[in-house]
Amino acid sequence: MASITLEHIWKRYPNGYEAVKDFNLDIEDKEFIIFVGPSGCGKSTTLRMVAGLEDISEGTLKIDGRVVNDEEPKDRDIAMVFQNYALYPHMKVYDNMAFGLRLRKVDEAKIKEAVNEVAEVLQLGKMLKRKPAELSGGQRQRVAMGRAMVRNPKVFLMDEPLSNLDAKLRVEMRAEIARLHERIGATIIYVTHDQTEAMTLGTRIVVMKDGIVQQVDTPQHLYNYPDNLFVASFIGSPQMNFFDAVVEKEDGRVRLNVSGDRFLLPERKGAELIEKNYVGKEVTVGIRPEDIYESEEGDGRDEYAFSSRINVYELLGAEVLLHFDYAGKSMTARVEPTTAARMGSTVRFAMDPEKIHVFDRESEAAVVH
């Protein structure tokens, strides 16, 4: 397989629009890298520059240490799986999978061996004589992946390959792709706007916004230690709750004043805010829905408690989402399904102080985790 290096990559269009700005990333051999972000953030454009389908305006792209900026797509030894499968409707599954090898004048016996081997891996053996129209969406996507696999390329590029599938099939295909990566040890770059796909598939995730890389990290570290407000809000479902607060210091301890409620911070977090000169300043506070609990007086959480009326009650089987307003913001708590709370009831909540995130109001950069 292959390592990939992107050094100061830019994409500018003739009208002056910059789709990708100063993109830098080292991808190791056999890594599963996810590009994630909202529509228009530049993730697919970056993928297409790696594939050679878009020209690079500025910067250097290397595959296995070799500069490939000016190489044709066919010479880069990459394979791409598209959102719309891009199968030939008049060809049977076998011929769709064999097409790329036939273009390269590979011996027919070797083609047959390669196609049958990949078909076995993807459980397509019984479908080789069918045409795409006779297959389900999930089966067509497996054929598209199989067509890429038979070439045994250095790099697999996948551009939102599951977005056309229904929810159940997406879950199945996510597992299929994860198993595929484990089995063949390929270097994969995978583009998606679905942060659930990003969290479950990637060894590392590249979060993008407006053509700029916001953070590159492992899924768990990204979730627990977002670099800024955008990453914190984009990663996680339901998203992180945010509200405004003023940092106050009293008797050597730091509290967050939220509309008159004063939450005591752990000493480490308080010391960081003092050291970074945030006492007396307004900040944005973040807390994930699972880190807000139902609370009772005297349970030891009084320093972190507040009350609010439930606007929406959502039972999701194994959990309940309680939606409420607090400090002028809409918020969500993820609680046990045994909760007695219902729409219209007033609930006393408490936040886990160790899980509170503090962000700068102006730069939106993380200050304390």
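Definitions and cut-offs
Residues numbered from 1 in each chain as written. Predicted model: local features only at pLDDT ≥ 70, side-chain atom pairs only at ≥ 80, totals over all residues. Heavy atoms only, no water. Helix = DSSP H or I, 4+ residues; strand = E, 2+ residues; numbered from the N terminus. Buried < 20%, exposed > 50% of the residue type's maximum accessible area, 1.4 Å probe, protein only. Polar contact = N/O pair within 3.5 Å; in protein donor to acceptor, adjacent residues only side chain to side chain. Contact = heavy atoms within 4.5 Å. Pairing = 2+ DSSP bridges. Axes fitted to C-alpha atoms, helices over the stretch in contact; angles between N-to-C directions. Core = buried A, V, L, I, M, F, W, Y, C linked by side-chain atoms within 4.5 Å.

Peer 1: What exactly am I supposed to notice about the side chain of Thr-339 here?
Peer 2: The topology assignment puts Thr-339 in the loop between strand E18 (329-335) and strand E19 (346-351). Classification of Thr-339 as buried rests on a relative accessible area of 7%. Here Ala-341 takes part through its backbone nitrogen, which lies 3.1 Å from a polar atom of the side chain of Thr-339. Aside from chain neighbours lying at most four places away, what touches Thr-339 is Glu-294, Tyr-313, Val-320 and Leu-322.

Peer 1: Help me understand the sheet that holds E18 in this model?
Peer 2: Strands belonging to one sheet form pairs held by backbone hydrogen bonds; the direction of such a pair is parallel or antiparallel. Taken in spatial order, the 5 strands make up an open sheet running E15-E19-E16-E17-E18, and their pairing is antiparallel. Lying at the two open borders of the sheet, with one neighbouring strand each, are strand E15 (292-294) and E18. Neighbour-to-neighbour, the strand axes of this sheet turn through a mean angle of 50 degrees, independent of strand direction. Bridging between E15 and E19 involves 3 bridges; their strand directions are antiparallel.

Peer 1: I'm lost on the nonpolar core in this one. Help?
Peer 2: Proteins that are soluble and globular tend to have nonpolar side chains buried together. If you look at the biggest cluster of nonpolar residues, it comprises 49 residues, and the most contacted ones within it are Ile-34, Met-97, Val-115, Phe-156, Ile-177, Tyr-190 and Val-207. Setting aside anything within four residues of it in sequence, one finds Ile-177 in contact with Phe-32, Met-145, Met-158, Leu-162, Tyr-190 and Leu-201. Counting residues in each nonpolar core, the second largest holds 31 residues, with Val-254, Val-258, Phe-263 and Leu-273 among its members.

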